[in-house]
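Fold and contact review
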Amino acid sequence: MNAPTPRDLWHGRANDLLGRGIDGRLLIDGQRYHAVDGRCFDCVSPLDGKVIARVARGQAADIDLAVASARAAFADGRWSARSPGARKKVLLAFAERIRAARDELALLETLDMGKPISASLSADVPGTARCIQWYAEAVDKVYGEIAPTGGDSLALVSREPVGVVAAIVPWNYPLLMTAWKLGPALAAGNSVVLKPSERSPLSALRLAELALEAGLPPGVLNVVPGFGGEAGEALALHMDVDAVGFTGSTRTGRLMLEYAGRSNLKRVYNELGGKSANVVFADFDDLDRAAATAVGSMFYNQGESCNAPSRLLVQESIADDFIERLAALAPGYAPGDPLDPGTRMGALVDERHTAVVMDYIRSGLQQGARCVAGGEQVLQASGGQFVAPTVFDAVDNSMRIAREEIFGPVLSVIRFSNEQQALQIANDSSYGLHAAVWTRNLDRAVRMSRALRAGTVHINEYDEDDITVPFGGVKQSGNGRDKSLHALDKYCELKTTWMRIDPA
Ligand code: NAD
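Presented here is a report on the structure given in the accompanying data block.

**A short note on the overall build of the protein**
Of regular secondary structure, the protein possesses 16 helices and 21 strands. A compact globule built from 504 residues should have a C-alpha radius of gyration of about 23 Å, and the protein, at 24 Å, falls within 12% of that. The principal-axis extent of the C-alpha atoms belonging to the protein is close to 80 × 65 × 45 Å. When the 504 residues of the protein are sorted by exposure, 57% land in the buried category. Considering only intrachain contacts with a sequence separation of at least 6, the fraction spanning at least 24 residues in the protein is 75%. Accessible surface, the protein as shown: approximately 19,900 Å² in total, 52% of it carbon and sulfur. With 53 positive and 61 negative side-chain charges, the protein shows a separation of 3 Å between the mean positions of the two kinds.

Following this line, the structure appears as structure tokens:
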């Protein structure tokens with residue numbers, strides 16, 4: 001008999017996990033419960049179309065219980081009143097639990113939303129642990145202020161937790177997007193009600209159990225899975241929620257602002273979609289690296305990344321050569337079994353999303369773009385959701401595939417003649433998340449990075465990323481910043497305390 005391959009081993013681990021059964025109940029006040037009305041929904045794996053768990057379908061009644069639990073925890077100070085150093089200890093233990101549960105969390109992530117197991121293991125789980133650890137280590141190093149008022153008064157400016165935070169997150173990086181909210185919100189002393197996406201609820205529930213095991217008091221982190229228009233809406237409209245940390249589509253981000261307006265004017269931080277421009281000038285001398293990065297960053301996570309460089313702007317004089325390179329590199333990302341550690345691109349999140357991506361591909365063809373790689377669904381016999389890495393040449397910035405976020409493995413290439421035109425096209429978007437410039441001309445690099453309307457601009461790279469730097473967009477890509485110390489501010493109130501000093 002042959003020794004099991006790495007792929008066999010991961011399939012074996014997946015079967016063991018599924019064989020034990022996945023607990024899809026919600027988590028409130030440290031306990032697992034069915035939804036109040038007992039309803040559930042099927043969690044379907046995009047790897048093969050099979051149901052892998054039945055998950056509680058939270059409604060307004062469940063949200064009421066979760067918010068009440070979070071409020072009670074906040075009010076009695078079981079977490080909010082602990083010293084930063086004490087919170088740090090628990091959160092460091094939480095990070096260690098995440099690391100220890102690496103294989104299980106990675107499997108849940110891959111089975112639930114389709115990303116390659118290699119990415120879950122090397123990026124998503126360690127990134128989640130690092131994020132929690134980073135905020136744990138940061139929180140006892142942040143000082144308050146004494147304002148320079150002088151005279152017979154003393155003004156202290158201190159940070160306080162805002163209270164009950166709603167974290168509403170998407171399905172493309174379920175663990176990481178959750179950690180980007182939990183890290184700063186919990187470190188600052190808030191209580192949280194987390195609503196994971198209905199398309200990827202499993203890892204969030206396990207994560208919350210690990211937090212409890214690490215010593216986070218019951219009620220400080222509650223998780224209510226369910227649908228956006230049900231649990232999500234009830235949470236964002238709730239009168240006893242003080243802030244919403246939202247990551248998701250621009251469409252839902254608009255609703256978040258409406259919900260706040262219709263309820264208690266809670267703070268809303270929106271981290272939304274993108275259609276990021278990656279601009280390659282002819283003077284850049286390492287086109288191999290530029291092309292490899294353009295393709296690698298685009299097809300990472302199946303193109304389901306908010307900051308994917310999905311509009312590639314290339315200078316006319318090198319365009320034919322560059323597009324040939326892209327077309328040659330794209331098949332290297334052909335989708336494969338996500339449980340095979342050799343797979344670079346996995347499955348799209350579900351059948352509905354595959355239909356959306358295929359519709360965009362058809363619209364590109366109908367509007368006159370030229371497909372030079374991919375363009376079709378593949379591996380259909382598996383029952384899973386796989387689309388070939390797709391590259392369109394001859395895209396005009398007015399086409400749907402240039403204007404709308406596809407959120408799948410589709411790269412739109414637009415040609416430009418000079419710097420002014422490149423800048424005009426790059427900024428001609430309702431989004432403003434990331435952008436990149438490839439040039440050896442220092443003046444041009446600085447001119448472009450100043451003029452590009454984006455939250456992050458990359459120069460001669462696209463992959464740099466770290467918990468120490470803020471992440472977020474401008475225009476309709478949102479208004480918040482995740483990561484870095486700036487994210488702590490989102491979950492803190494600034495309290496001013498005036499004191500009168502009487503003369504002796
Ligand atoms: P989505 O807006 O459909 O859903 C996001 C979350 O909002 C989910 O939990 C969903 O259940 C909930 N929701 C949906 N409708 C709701 C409603 N009416 N009321 C309340 N809650 C509701 O987005 P998605 O498809 O899950 O995620 C993909 C989007 O997320 C993309 O646009 C992507 O660019 C964006 N994203 C942005 C960032 C960032 O940092 N800027 C990071 C990751 C993903």
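**As for the sheet that holds strand S21 (residues 492-500)**
What the 3 strands build is an open sheet, ordered S5-S6-S21; its pairing is antiparallel. Each edge of the open sheet carries a strand with a single partner, namely strand S5 (145-146) and S21. As judged from the 2 bridges shared by S5 and strand S6 (residues 153-161), these two strands associate in the antiparallel manner. Its bridge partner lying in S6, Ile146 is registered against Leu156.

**A few points about the sheet that holds strand S12 (residues 277-280)**
Spatial ordering of the open sheet is given by S14-S17-S18-S13-S12-S19-S20, a layout of 7 strands whose pairing is mixed. Taken across any chain shown, the strands that pair with only one partner, and hence form the sheet edges, are strand S14 (370-373) and strand S20 (456-459). Strand after strand, the sheet turns through a mean of 25° between neighbouring axes, direction not considered. Bridge count for strand S13 (residues 311-315) against strand S18 (residues 410-416) is 5 bridges, and the pairing is parallel. Bridging across to S18, Arg311 finds its partner in Ser412. Most of the contacts of helix H12 (residues 351-366) go to strand S17 (residues 390-393), to which it runs at about 25°, and overall it touches S14, S17 and S18.

**Comments concerning the site of the ligand**
Near the ligand, the surroundings consist of 31 residues, among which Lys195, Glu198, Ser249, Thr252 and Glu405 are the closest. Here an oxygen atom of the ligand and a side-chain polar atom of Lys195 are 2.6 Å apart. Here the ligand has 840 Å² of accessible area as a free molecule, and 93% of this is covered by the chains. Tallying contributions element by element places helix H9 (residues 250-262) first for the shell around the ligand, with 5 residues. Here the shell around the ligand is composed, by residue class, of 15 nonpolar, 9 polar and 7 charged.

**Some thoughts on the nonpolar core**
Residues Phe94, Ile98 and Val192 are the most contacted members of the largest nonpolar core, which totals 73 residues. Among the elements that take part in this core, helix H5 (residues 117-139) stands out by supplying 10 residues, more than any other. The residues contacting Ile98, other than those within four sequence positions of it, are Leu105, Val125, Thr128, Ala129, Ile132, Leu207 and Leu210.

**Some points on the packing of helix H3 (residues 84-100) against helix H7 (residues 202-213)**
Angle between the axes and distance between the axes are the two parameters that describe a pair of packed helices. In contact at an axis separation of 8 Å, H3 and H7 are set at 130° when each is read in the N-to-C sense. With respect to H7, the axis of H3 lies oblique. Once H3 is placed against H7, the crossing between them reads as right-handed. Facing H3, whose interface residues are Phe94, Arg97 and Ile98, H7 presents Leu207, Leu210, Ala211 and Glu213. A breakdown of the residues in the contact of H3 with H7 according to their chemical character gives 5 nonpolar, no polar and 2 charged.

**Some details on the packing of aromatic side chains**
Each pair of aromatic rings is reported with the distance of its centres and the angle of its planes. Under the counting rule described, the total for this entry stands at 8 aromatic pairs. Relative to Tyr135, the ring of Trp134 lies with its centre 5.1 Å away and its plane at 85°, an arrangement referred to as edge-to-face. When its relative accessible area of 17% is taken as the criterion, Trp134 is described as buried. Residue placement shows Arg344 over the ring face of Tyr333; its charged tip is 4.0 Å from the ring centre. Positioned over the ring face of Phe281 is Arg444, at 4.3 Å from the centre of the ring.

**A look at the state of the cysteines**
The final tally for this structure, using the stated rule, is 0 disulfides. Cys40 carries a free sulfur, and the closest cysteine sulfur to it, the one in Cys43, is 12 Å from it. On the basis of relative accessibility, which here comes to 29%, the residue Cys40 falls in the partly exposed class. Counting only cysteine sulfurs, Cys131 is the nearest neighbor of Cys492, a cysteine outside any disulfide, at a range of 15 Å. By relative accessible area, which is 9% here, Cys492 ends up buried.

**Considering the pairing of strand S11 (residues 267-271)**
In terms of residue burial, S11 counts as a mostly covered element, since 4 of its 5 residues are buried. With 5 bridges connecting them, strand S10 (residues 243-247) and S11 associate as parallel partners. Its bridge partner being in S11, Gly245 is matched across the sheet by Tyr269. With H9 bridging S10 and the parallel S11, this β-α-β connection has right-handed handedness.

**So, the environment of Ile28**
With respect to the helices, strands and loops of the structure, Ile28 is situated in strand S1 (residues 26-28). Judged by relative accessible area, Ile28 falls into the buried class, the value being 6%. Sequence-wise, Ile28 and Val224 are 196 residues apart; in three dimensions their C-alpha atoms are separated by 7.8 Å. Not counting residues within four places of it along the chain, the set of residues in contact with Ile28 comprises Tyr33, Asp62, Leu65, Ala66, Ser69, Asn222 and Val224.

**Considering helix H2 (residues 60-76)**
Compared with an ideal rise of 1.5 Å per residue, which puts 17 residues at 24 Å, H2 spans 24 Å between its outermost C-alpha atoms and is within 8% of the ideal. Among the residues making up H2, those that are buried are Asp62, Ile63, Ala66, Val67, Ser69, Ala70, Ala73 and Phe74. The arc that holds every buried residue of H2, seen down its axis, measures 155°, which confines them to one face. Next to the buried residues of H2 lie S1, S6, strand S7 (164-168), strand S8 (191-195), strand S9 (221-223) and helix H8 (228-237). Of the residues trailing H2, Gly77 is marked for its positive phi of about 75°.

The rules we used
- Residues numbered from 1 in each chain as written.
- Predicted model: local features only at pLDDT ≥ 70, side-chain atom pairs only at ≥ 80, totals over all residues.
- Heavy atoms only, no water.
- Helix = DSSP H or I, 4+ residues; strand = E, 2+ residues; numbered from the N terminus.
- Rg over C-alpha atoms; globule rule 2.2 N^0.38 Å.
- Buried < 20%, exposed > 50% of the residue type's maximum accessible area, 1.4 Å probe, protein only.
- Contact = heavy atoms within 4.5 Å.
- Areas by Shrake-Rupley, 256 points an atom, 1.4 Å probe, with all protein chains shown as cover.
- Lys, Arg positive; Asp, Glu negative; His and termini not counted.
- Charge placed at Lys NZ, Arg CZ, Asp CG, Glu CD.
- Pairing = 2+ DSSP bridges.
- Axes fitted to C-alpha atoms, helices over the stretch in contact; angles between N-to-C directions.
- Near = heavy atom within 4 Å.
- Polar contact = N/O pair within 3.5 Å; in protein donor to acceptor, adjacent residues only side chain to side chain.
- Nonpolar A, V, L, I, M, F, W, Y, C, P; charged D, E, K, R; others polar.
- Core = buried A, V, L, I, M, F, W, Y, C linked by side-chain atoms within 4.5 Å.
- Parallel < 35°, antiparallel > 145°, perpendicular 65-115°, else oblique.
- Left-handed = near helix turned anticlockwise from the far one by under 90°.
- Phe/Tyr/Trp six-rings, centres within 6.5 Å; stacked < 30°, edge-to-face > 60°.
- Lys NZ or Arg CZ within 6 Å of the ring centre and 35° of its normal.
- Disulfide = S-S within 2.5 Å.
- Right-handed = clockwise from strand over helix to strand, strands pointing away.
- Expected span 1.5 Å × (residues − 1).
- Arc of directions from axis to C-beta.

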